[in-house]
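# Understanding the architecture of this molecule
The primary structure of each chain is shown beneath.
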Amino acid sequence: MRMNKLADGALEVSALCLGSMLWGSTNTEAEGHAQIDMFLDYGGNFIDTAEMYPVNPIKAERCGASEAVIGSWLAKSGRRDEVVIATKVSGDNPGWKRDGKGYDSAIIHQAVNESLEKLQTDYIDIYQTHWPLRGSYAFRQNWTFDPSRQNREETEAHMRDVLTAMAEVVAAGKVRHFGLSNESAWGTAQWLRIAREMGAPEVISIQNEYSLMHRLADTDLAELCMNEGTRVLSFSPLATGLLTGKYQNGAVPAGSRLEIAAKNGYPDLGGRITDQAFPAVDAYQAVADKHGLDLVQMALAFSVGRPFMGSTIFGASSMEQLGLILDGKDLVLSNGVLADIDAAHRAHPMPF
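Structure report, in brief. (Residues numbered from 1 in each chain as written. Predicted model: local features only at pLDDT ≥ 70, side-chain atom pairs only at ≥ 80, totals over all residues. Heavy atoms only, no water.)

### Describing the pattern of salt bridges
Here is the rule we go by: Each salt bridge in this description consists of a side-chain nitrogen of Lys or Arg and a carboxyl oxygen of Asp or Glu lying within 4 Å of one another. For helices the rule is a DSSP run of H or I covering at least 4 residues; for strands it is a run of E covering at least 2, with both sets numbered from the N terminus onward. Burial classes: relative accessible area under 20% of the type maximum marks a residue as buried, over 50% as exposed, and values in between as partly exposed (1.4 Å probe, protein chains only).
Across all of its chains, the model carries 22 salt bridges by this definition. Between Arg346 and Asp342 there is a salt bridge whose closest N-O contact spans 2.8 Å. Residue Arg346 and its partner Asp342 are both found in helix 11 (residues 335–347); the two are separated by four residues, about one turn of the helix. Residue class for Arg346 comes out exposed when judged on its relative accessible area of 65%.

Written out as structure tokens, the structure reads:
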């Protein structure tokens, strides 16, 4: 599998990253272990998780279960040196962790120790903030985003506090690198500026949503990444299953994420199901069909091939899905495919 370098070459990660957010809900511990084994057999080395996981749905009582699945695999396999593990501290959520308190220097220390215990490891390769506490335009909040309510002085004080803690956990050997998630170009630039002023760990990655159907990272964030040496870790590269084509024409397969989410009061896959989404999927399916490609593999190869991409995080609810994805791990899209993708994107620029 193609490998990419992060942190000025200090960290090497596979271009595909195995996401764990279904382990402990949709998938059992044994299934999670089997997925890790298969992923490593195909040359992957990068696993992403969060203290909040699993999802589908999120429940406070099982937060950390996904980390625990990874931890039991590490304990059983003894293969810690073969994997890169990224996890996240929760944001100011509605009560999934620490009653929505978000994170500060004290919570960073607490959360790192809790994740290390669940992961059964001595160190975390990339420790990420799950959400910026000043607000975010991620998850369809871009439609109503209003940064005029932000307080720059409070934002900078918070960043300095968090970076102080990050410097301490890195110095203690508990964390190796610092990353962000659901961040903006401006926010990332401030984290970098302040870290350089303080001599604290610099941001090496930004885990944001990116797919054929969600390309907000293509402009300002891409420019920042290419100039500052940070890289995007894309999540939802298959648009939570839309880019498999399985939801076309009103289909809701049994056991699918959409079926489970709808039963738990989330019928639109986080705002991704819109009148514009299905025609966009049809357009990308037509591109794949024209060039004799599998849509899933094409969608992932597109993300992997972006110049600002560090790794593309995917999840699988079955070994069959995992096998299909990994069989396409070396796919490189031709200029003809990319031209047709560009045409489809211009015709369907923001489907959700």
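We are not done yet, so read on.
### Regarding the nonpolar core
Here is the rule: The nonpolar core is taken to be a set of buried Ala, Val, Leu, Ile, Met, Phe, Trp, Tyr and Cys residues, with the residues joined through side-chain atoms within 4.5 Å. Whether two residues touch is decided by their heavy atoms; if any such pair falls within 4.5 Å, the residues are in contact.
Ranked by internal contacts, the top residues of the largest apolar core, which has 86 residues, are Ile108, Tyr127, Met213, Tyr284, Met298, Phe314 and Ile341. The leading source of residues in this core is helix 9 (residues 295–304), at eight residues. Dropping the residues within four chain positions of it, Ile341 is found in contact with Leu212, Arg215, Tyr284, Val287, Met298, Phe302 and Leu333. Listed in part, the twelve residues of the second largest apolar core include Val13, Ala86, Leu233 and Ile313.

### Some thoughts on the pairing of strand 5 (residues 84–89)
To keep things clear, this is the line we draw: The pairing criterion is simple: DSSP has to find at least two bridges between the two strands. Crossover handedness is defined here as right-handed if the route from the first strand over the helix to the second strand goes clockwise, with the strands pointing away from the viewer.
Taking burial as the measure, the six residues of strand 5 include six buried ones, the bulk of the element. Along strand 5, one buried face is formed by Val84, Ala86 and Lys88 and the opposite face, lined by Ile85, Thr87 and Val89, is buried too. Bridge analysis of strand 4 (residues 46–48) against strand 5 gives three bridges, and the strand direction is parallel. By the bridge assignment, Phe46 is partnered in strand 5 with Val84. A crossover connection joins strand 4 to the parallel strand 5 through helix 2 (residues 65–77); in handedness this β-α-β unit is right-handed. Here strand 5 runs beside strand 6 (residues 124–129); their pairing, made up of four bridges, is parallel. Within strand 6, the position partnered with Thr87 by the bridge is Tyr127. In terms of handedness, the path from strand 5 via helix 3 (residues 105–119) over to strand 6 forms a crossover that is right-handed.

Scope: geometric values only; no functional claims are made or implied.
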